[in-house]
Amino acid sequence: MIGLFILAIDTVLIKAGYMPNPPKEYIPITPEEIMEFRNVNAWEKSAEVPLGDKTGDYPDFLPYPSDTLIRDFEGISYTGWIPPDPQLAACSTHVGVVVNTSIAFINKFTGITEYSNTLRGFFSSVIPSGGLPFDPKIAYDIISGRWIVLALYYNSSRRESHYLLAVSEGDNPLGGWYFYRLNAKYDDNTLTNNWADYPELGFNDKWIVISSQQIGFSSSAYYPKVRVLNKADAYNGTLSSWEDFVDSELGCMPSWPRVSRSTYDYSDAIYLIRFNRMYKIYGPVSSPQLSPCITLSISPYSTPPNAPQGGGYPDLEVVPATFQVYYLNGKIYYTFNEAHPLNSSLVSVRFVVVDTTGVVLEDKRLYENGISWIFPAVSVSPKGVAISFTRVGTSGTNYPSATYIARAGYDTLFSPYNVYKAGLSWYFNDHGSGRNRWGDYFGGSPDPVDSSLWVIAELPKAGTDSLWTTWIANIGFKEPSTIVMEKGRFITRGGDNIYTVDGRRVSKPKTKGIYFYKGSNGVKKVLVLE
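These remarks concern the structure in this document. These numbers come from a predicted model, not from an experiment. (Residues numbered from 1 in each chain as written. Predicted model: local features only at pLDDT ≥ 70, side-chain atom pairs only at ≥ 80, totals over all residues. Heavy atoms only, no water.)

Some thoughts on empty space enclosed by the protein
Applying the stated criterion across every chain yields a total of 2 cavities of 30 Å³ or more. Taken together, Ala-89, Ala-90, Ala-139, Tyr-140, Ile-142, Phe-203, Arg-261, Ser-262, Thr-263, Tyr-326, Ser-445 and Pro-446 form the lining of the second largest cavity. Among the residues making up the lining of the second largest cavity, the classes are represented as 8 nonpolar, 3 polar and 1 charged. (1 Å grid on protein atoms, 1.4 Å probe; cavity = no way out; pocket = protein on both sides within 12 Å on 5 of 7 lines; lining within 4 Å. Points joined across faces, edges and corners; volume = space filled by probe spheres on them. Nonpolar A, V, L, I, M, F, W, Y, C, P; charged D, E, K, R; others polar.)

In structure tokens:
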């Protein structure tokens, strides 16, 4: 690993720019971008070695919801590209949304879009002519009050590849932004003939970290790369160097490492996750170090199939990858898809929580009998956890639908799933590729003001079976009141239910502990004394 300290002329390693407002000139999608999209969209699943078949009973969910759907509204709808890869983040006033190949900032209280542009328009100060910006990511740094946006750039004729990075001057996404173009063909200080695909974006108090999969323009090269940037320099508009970890340095992650994002507290290290493997990036700001590979002792998993639909429609393509990773209060949260434990032709969700040393704290299989849950994205706050995904079946009206499950911070089990925007048709759109791509990833985000959670998912656009749209939900959590009483004194009334913290119904508390009482006035927490 060698650090780069070059602010370049047009070789170009780094190009920087500043704009007092996000660019307002809307730059439409060009015919050249459409052609480049066909090249980039040739992505194929990598060979994932399964750890073994998994078995399990039907998962337990709480018999009552501990979450509340505060509001929901449409995000960005069909842009002409597949898959959309929707991501979002939230600040005090706006929700930022990115898809292939557009960005929008939406008033989070009204659902009204206050800024919208293509990625080319947004990155106009640093993007080269021609080529294609794609695979955007967006994050909000709660403690610093700054937005971070990432996209990739690809140009096959000139064989160019760049990371396009933008950071806001402050909390307001309609204010000033710093823009950067980072040459993605360089590995450390070595110029290659490889381009970047399938990115991820993470950060803590020291660094902004980008990961990508490097692919040869004209060779069989295929390996991971992680680029570490000085966050303070990026936030000040003075970013001029990077540090790379490449290929064999990431030996236990041959593809697609995901990068942790901090939330309400900063992690000391950046955590790279891929299924059951973890690395840490740690050390001084100016000299990041990579830990040895850590094996995470999760239960066996199998590669997910594509998700079958009804109506004779082709399966929705599913990615065998780990999705968004969040850090909160000493814990690292992430999800991935796997084959359904009750029917291997369907898809289910794995939810994992580990501590910073790699000890597995939770390892849950989440699924529904006869239904696939695809592209799960976790979001976390001190008040709870939510996982958004597309729910799709093969019969009736189980069309691809925007769905989430959630649990409050005082729960150990998730509430029943909530379809917050139902699809009205099956879906097929392959742009002539023969692949019915649904996505590479979704996203979720904590709210910096009230610790609620924001999620986004994809579904077929109403009135069509070939166009997609995205839907946003804001999830809150109920705050149960506390009742203090003596053991054995609780008397149930008609329609009242008492549950243990793991969701078991009991007639009345008989031992000291915390119980949940669901009555006509909602859920109440019951503390039973000896």
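Read on for the rest.
Regarding unusual backbone geometry
Geometrically, the link from Ile-82 to Pro-83 is a cis peptide bond, its omega value of -10 degrees lying close to zero. Residues other than glycine seldom take positive phi values, yet Asn-329 does so here, at roughly 50 degrees. Inspection of the secondary structure puts Asn-329 in the loop between strand S23 (325–328) and strand S24 (331–339). For Asn-329, a relative accessible area of 60% puts it in the exposed group. In this structure, Ser-451 takes a positive phi of about 60 degrees despite not being glycine. In this fold, Ser-451 is placed in the loop between strand S31 (443–446) and strand S32 (453–460). (Helix = DSSP H or I, 4+ residues; strand = E, 2+ residues; numbered from the N terminus. Buried < 20%, exposed > 50% of the residue type's maximum accessible area, 1.4 Å probe, protein only.)

As for the layout of surface pockets
Here the idea is plain: a probe the size of a water molecule rolls over the atoms and shows the empty space left. When its volume is computed, the largest pocket comes out at roughly 250 Å³. Every residue lining the largest pocket is counted, 17 residues in all, and those nearest its centre are Lys-331, Tyr-333, Val-385, Arg-407 and Gly-409. Within the residue set of the lining of the largest pocket, elements represented by two or more residues are S24, strand S26 (360–366), strand S28 (384–392) and strand S29 (401–408).

Here's the deal with the sheet that holds strand S2 (residues 14–19)
In space, the 5 strands of this open sheet follow the order S2-S11-S10-S9-S8, with antiparallel pairing throughout. Two strands lie at the open edges of the sheet, namely S2 and strand S8 (132–141), each paired on one side alone. With strand direction ignored, the average angle separating the axes of adjacent strands in the sheet is 15 degrees. (Pairing = 2+ DSSP bridges. Axes fitted to C-alpha atoms, helices over the stretch in contact; angles between N-to-C directions.)

Describing the nonpolar core
Formed by 47 residues in total, the largest nonpolar core has its most connected members in Val-97, Ile-374, Tyr-420 and Ile-472. Tyr-154, Val-167, Ala-196 and Leu-201 belong to the second-largest nonpolar core, a separate cluster that totals 32 residues. (Core = buried A, V, L, I, M, F, W, Y, C linked by side-chain atoms within 4.5 Å.)

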